[in-house]
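If you want the building blocks of each chain, they are given just below.
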Amino acid sequence: MTTTGSHERGEAVIDLSAVRSNLRAVMASLPDVQAMVVVKADAYGHGAVPVARAARDAGVSWLGVALPEEAVALRDAGDTGPILAWLLVPGDPGIAACIDRGVDLGVGSSWALDEVAEAARRRGRKARVHLEVDTALGRGGRPAHEWADFFQHARALDDAIEVVGIWSHLACADEPSHPANDTQLAGFQQALDVAAACGLNPQVRHLASSGAALSRPDLAFDLVRLGIITYGVTPGPQIGPPWPHDLAISPAMSVRARIASVKRVPAGHGASYGLTWTAPHETSLALVPLGYADGIPRTARGAQVWIAGRRFPVVGRVAMDQFIVDIGDEPIEAGAEAVVFGTGASGEPTAEEWAAWDDTIGYEIVTRMGARLPRRYIG
Ligand SMILES: *Cc1c(COP(=O)(O)O)cnc(C)c1O
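The structure presented is a predicted model; accordingly, all values stated were derived computationally and were not measured.

Conventions we followed
- Each residue is numbered by its place in its chain's sequence as written, counting from 1.
- Residues qualify for local features only when their pLDDT is at least 70, as the model is predicted, and side-chain atom pairs are given and counted only at 80 or more; totals for whole chains, interfaces and linings, by contrast, use all residues.
- Processing note: side-chain calculations cover all non-hydrogen atoms of the structure and skip hydrogens and water entirely.
- We call a residue near a molecule or strand whenever a single non-hydrogen atom of that residue lies within 4 Å of it.
- N or O atoms closer than or at 3.5 Å make up a polar contact, with two conditions inside protein: a donor-capable atom paired with an acceptor-capable one, and, for residues adjacent in sequence, both atoms drawn from side chains.
- Residue-level accessible areas treat just the shown protein chains as cover; the underlying method is Shrake-Rupley with a 1.4 Å probe.
- Where a domain begins and ends is set by an automatic assignment or by a domain database.
- Here, two residues are considered to be in contact whenever any of their heavy atoms come within 4.5 Å of each other.
- Buried area, as used here, totals the accessible surface that two parts lose on assembly, with accessibility defined by a 1.4 Å probe and the loss added over both.
- Salt bridge, as used here: a side-chain nitrogen of Lys or Arg that lies within 4 Å of a carboxyl oxygen of Asp or Glu.
- For this classification, Asp, Glu, Lys and Arg are treated as charged, while Ala, Val, Leu, Ile, Met, Phe, Trp, Tyr, Cys and Pro are nonpolar and the rest, including Gly, are polar.
- Two rings belonging to Phe, Tyr or Trp (six-membered ring only in the last case) form a pair when the distance between their centres is within 6.5 Å. Interplanar angles under 30 degrees mark stacking, angles over 60 mark edge-to-face geometry, and anything in between is tilted.
- Counting from the N terminus, the helices are the DSSP runs of H or I reaching at least four residues and the strands are the DSSP runs of E reaching at least two.
- Buried residues are those whose accessible area, probed at 1.4 Å on protein chains only, stays under 20% of the maximum for their type, while exposed residues exceed 50% and partly exposed ones sit between those limits.
- Strands are labelled as partners when DSSP assigns at least two bridges between them.
- Only C-alpha atoms enter the line fits that serve as axes; for helices the fit covers just the stretch in contact. Angles between N-to-C directions range over 0 to 180 degrees.

### Observations concerning the site of the ligand
- Around the ligand lies a shell of 13 residues, among which Lys-40, Tyr-44, Ser-210, Ile-228 and Tyr-363 are the nearest.
- Residue Ile-228 places a main-chain N or O atom 2.8 Å away from an oxygen atom belonging to the ligand.
- Here an oxygen atom of the ligand sits 2.6 Å away from a polar atom, N or O, in the side chain of Tyr-363.
- Notes on the ligand: free accessible area 390 Å², of which the protein chains cover 93%.

Structure follows, in structure tokens:
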């Protein structure tokens, strides 16, 4: 993430010590399991390269991304460890780029087996692949009736590809007792049996994302893929807080801004486009210079921000670059800090609260924080 622009206007502060300690805590709870830190989508808005470095510092062996170009960017930034990229499309030049750079590829289609093998032969280097099986989610990977063919196909290409892993993805990792978790566990076991019968015995079998890593150690296999928990945001309310095993998890991202102006307005004065809000009595309005172009959700209802040690309501519509806060009679002046969300430790809103106000999940709130909002790294 390029961090240009004025940090005075607003910024996302990323605490890399929280990233490291979140990862160390989760890894300590799964001592015999490898961890893959998922840094797709610019590390859920936190910055892929700094988070990748923090993850390696914390002793993480694997990085995971969706797109080949996200893996290439990590290599270009100097990362030399194992990386998996799992979202391929036909003709993607990123396939060859990943093979050249020793990046493992998640392969969930027979076209991808052929294309990866072909690219590997052309480059004179074996491609490392993780075969994806669909055990319920319906996204990538082959469904059960195709497993034998898929594995035999991979086997037949063993001049060009090395099958390093077999993996699947959970549909309900954030609901520990959802019956789909057990169905997917049984399906995954069955896929491994079919693979073994086809002569494949991959070193890394992986199924669990954050929710399951925290709540279902029986689904961990050789490796867990840790996305959202790295950033200290919950996979879902059933997981925590409070966190399993009293894990010390803390949010890594805080978003703050400096108030641009304050004005006194009479009862009946409106606020923002459409005049959807009018002042019920004389009050003061503070202007926060962040908007939906920075990732602040326009559709949030009942949102609050933290100014001078207390919460105030966002009033009227969030605009592209700015939104308005009703600060009542508080003696707050231009230049004061407004915390949009943070760790919650002092009482400020959290990403999860913004998620509830916007009828979404904490994942979307942190990931959508835009490129225009400068990042600052601490810890
Ligand atoms: C995004 C993603 C993850 C990480 O999920 P979290 O819930 O953020 O831990 C893991 N595996 C796959 C395949 C993903 O797409």
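Back to the write-up after that little detour.
### Some points on the domain arrangement of the protein
- Partitioning the protein into domains gives domain 1 (16-237) and domain 2 (253-378).
- Here the C-alpha centre of domain 2 lies 37 Å away from the C-alpha centre of domain 1.
- Taken together, the contact between domain 1 and domain 2 spans 13 residues of the former and nine residues of the latter.
- Of all residues in domain 1, Gly-45, His-46 and Val-233 give up the largest surface area on contact with domain 2, accounting jointly for 41% of the area buried on that side.
- Inspection of the region where domain 1 meets domain 2 yields zero salt bridges.
- Counting every contact that joins domain 1 to domain 2 gives five residue pairs in polar contact (both at pLDDT 80 or more).
- A per-class count over the side of domain 1 that touches domain 2 returns seven nonpolar, six polar and no charged.

### Overview of the packing of aromatic side chains
- Considering all chains together, one arrives at six aromatic pairs under this definition.
- Summarising the aromatic geometry, the rings of Trp-86 and Trp-167 are spaced 5.8 Å apart at their centres and angled 50° between planes, so their arrangement reads as tilted. With a gap of 81 residues between them, Trp-86 in the loop between strand S4 (83-85) and helix H5 (94-100) and Trp-167 in strand S7 (residues 161-167) connect regions that are remote in the sequence. The same class applies to Trp-86 as to Trp-167, namely buried.
- By way of ring pairs, the aromatic residues Tyr-44, Tyr-231 and Tyr-363 are connected into one cluster.

### Comments concerning the pairing of strand S15 (residues 304-307)
- Two strands pair when backbone bridges link them, and S15 and strand S16 (residues 310-315) are joined in this way by four bridges, in the antiparallel orientation. Each residue of the ladder has a partner; that of Ile-307, found in S16, is Arg-310.
- With antiparallel pairing between neighbouring strands as the criterion, S15 and S16 make up a hairpin whose turn holds two residues, including Ala-308 at a positive phi of roughly 50°.
- Note: S15 against strand S18 (residues 337-341), two bridges, orientation antiparallel. By the bridge assignment, Trp-306 is partnered in S18 with Val-339.

### Section: the sheet that holds strand S19 (residues 375-378)
- Spatial strand order, S11-S14-S17-S16-S15-S18-S10-S1-S19: nine strands in an open sheet with mixed pairing. Each of the sheet's edge strands pairs with one partner strand only, and the pair in question is strand S11 (261-265) and S19. Here the strands of the sheet are splayed against their neighbours by 35° on average, with no regard to which way each runs.
- With two bridges connecting them, S16 and strand S17 (residues 323-328) associate as antiparallel partners.

### A few points about unusual backbone geometry
- For the bond running from Gly-240 to Pro-241, omega is -5°, close enough to zero to count as cis.
- Following the sequence through the fold, Pro-241 ends up in the loop between strand S9 (223-226) and strand S10 (253-258).
- With an omega of -5°, the peptide bond between Pro-241 and Pro-242 qualifies as cis.
- For Pro-242, the location among the structural elements is in the loop between S9 and S10.

### Thoughts on the sheet that holds strand S8 (residues 204-208)
- Sheet architecture is closed into a barrel: eight strands sit in the order S2-S3-S4-S5-S6-S7-S8-S9, paired in parallel fashion. Between one strand axis and the next, the sheet turns by 30° as a mean value, whatever way the strands run.
- Here four bridges tie strand S2 (residues 34-38) to S9, and the two strands are oriented parallel to one another. Note that in S9 the partner of Met-36 across the bridge is Arg-225.
- Sheet contacts for helix H3 (residues 48-57): S2, strand S3 (62-65) and S4; angle to S3, the most-contacted strand, approximately 150°.

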